[in-house]
Amino acid sequence: MLEGQQRLEGQQLGRLEGQQLEVEGQQLQEVGGAAAVGGWRGSSCGRLEGQQLQEVGGAAAVGECVGLPCTVVVPKGAPKVKCDAILSYGAELVLCDPTPASRKDTCARVAEETGKTIIHSSDNYNVIAGQGTIAMELLDEVPDLDAILIPTSGGGMLAGVSLAARSMQPKCQVYAVEPVGKNLQRCLEAKQMLWPDSPSFLNTVADSIRLQAIGHLAFPIICDNANSRVFTVTDDQMIEGMKLSFERLKQVVEAASGAGVYAALNLINDVQPMARKVGVILCGGNVDLENLPWIAATTSY
């Protein structure tokens, strides 16, 4: 399941803007996304307790591989395809109200009742290290990348990728891509977590990047290693990026990946010096083919 990712050259996309797009095909993982690499590293810690409790679905597949009982806490209204996949890997699915506070409280309650170890979906050093392997593989293949774009939610992938990239290729800039309402650039420029004390889930078609605030462990790593410039993408622009990936790359990707594709083709050109070789991470674990966002461009929350 984790024997390396497939790198796709986005030639049909890149030549539209005179760029070379290097596309990391995480959607070709068995679980359809990058959650497994973080979950694998995080689960190695949880296994010391004999069982684990996770907030995302990638660890369900990892738990099955290593024989580790797993409970996954998911907000109500999450894509059915995600919930079905979690159950198919033999994990227990627990639904919570669609707020970060409810997810945190539900995890704490289940952990107390079962004795399981909580592994946060992004704000966990082992998970962050696992996500960093994405950059290692991409830079092994393309060591002269100018930039990597990371659709960002809780910040685990952004922290891991930016830390690994800075170590391997300091000239490669790592940028966050966010939905409207996250306001990450303001926080990075101030080097302060300026979100409300009770951050929310954002109203966006991109289920996997709905969390408004970056985690407390991930935030300082991001401040030290990622570029403070952040690209904000609307729902309509994410959908445009999804369609381009479907049509030109022939890859089924989710809305968060559409955000990265759109930013690579339309927004990063404002950065000087211009990034000629751009890495984009694709994921597809949250694609619901019965409810594609251009068919019903509203969230289920």
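Scroll up a little and you will see the structure.
As a starting point, this report considers the structure included with it. (Residues numbered from 1 in each chain as written. Predicted model: local features only at pLDDT ≥ 70, side-chain atom pairs only at ≥ 80, totals over all residues. Heavy atoms only, no water.)

## A word on the packing of aromatic side chains
Working step 1: Here the structure, examined in full by the defined rule, presents three aromatic pairs.
Working step 2: Look at Tyr-175 and Phe-231: their rings are 5.4 Å apart centre to centre, the planes differ by 50 degrees, and that puts the pair in the tilted class. With Tyr-175 in strand β8 (residues 173-179) and Phe-231 in strand β9 (residues 230-233), this pair connects stretches of sequence that are 56 residues apart. Here the two residues Tyr-175 and Phe-231 agree in accessibility, since each one is buried.
Working step 3: Here Phe-246 and Trp-294 contribute two aromatic rings whose centre-to-centre distance is 5.4 Å and whose plane-to-plane angle is 85 degrees, an arrangement assigned as edge-to-face. Taken as a pair, Phe-246 in helix α10 (residues 235-249) and Trp-294 in the segment after β10 (277-282) lie far apart in primary sequence, 48 residues in all.
Working step 4: The exposure class of Phe-246 is partly exposed, given its relative accessible area of 22%. (Phe/Tyr/Trp six-rings, centres within 6.5 Å; stacked < 30°, edge-to-face > 60°. Helix = DSSP H or I, 4+ residues; strand = E, 2+ residues; numbered from the N terminus. Buried < 20%, exposed > 50% of the residue type's maximum accessible area, 1.4 Å probe, protein only.)

## Topic: the packing of helix α6 (residues 125-141) against helix α7 (residues 156-168)
Working step 1: As a packed pair, α6 and α7 sit with axes 7 Å apart at the nearest point and diverge in direction by 45 degrees. Between α6 and α7, the angle is such that the two are oblique. As for the relative orientation of α6 and α7, their crossing is right-handed in sense. Listed contacts from α7 to Ile-128, Gln-131, Gly-132, Ile-134, Ala-135, Met-136, Leu-139 and Asp-140 of α6 are Gly-156, Met-157, Ala-159, Gly-160, Val-161, Ala-164, Ala-165 and Met-168.
Working step 2: The residue makeup of the contact of α6 with α7, split by class, is eleven nonpolar, four polar and one charged. (Axes fitted to C-alpha atoms, helices over the stretch in contact; angles between N-to-C directions. Parallel < 35°, antiparallel > 145°, perpendicular 65-115°, else oblique. Left-handed = near helix turned anticlockwise from the far one by under 90°. Contact = heavy atoms within 4.5 Å. Nonpolar A, V, L, I, M, F, W, Y, C, P; charged D, E, K, R; others polar.)

## A look at the environment of Gln-169
Working step 1: Structurally, Gln-169 is set in the loop between α7 and β8.
Working step 2: Along the chain, Gln-169 and Leu-145 lie 24 residues apart, while their C-alpha atoms are 8.3 Å from each other.
Working step 3: Within the local environment of Gln-169, its side chain forms a polar contact with the backbone oxygen of Pro-143, the two atoms lying 3.0 Å apart. (Polar contact = N/O pair within 3.5 Å; in protein donor to acceptor, adjacent residues only side chain to side chain.)

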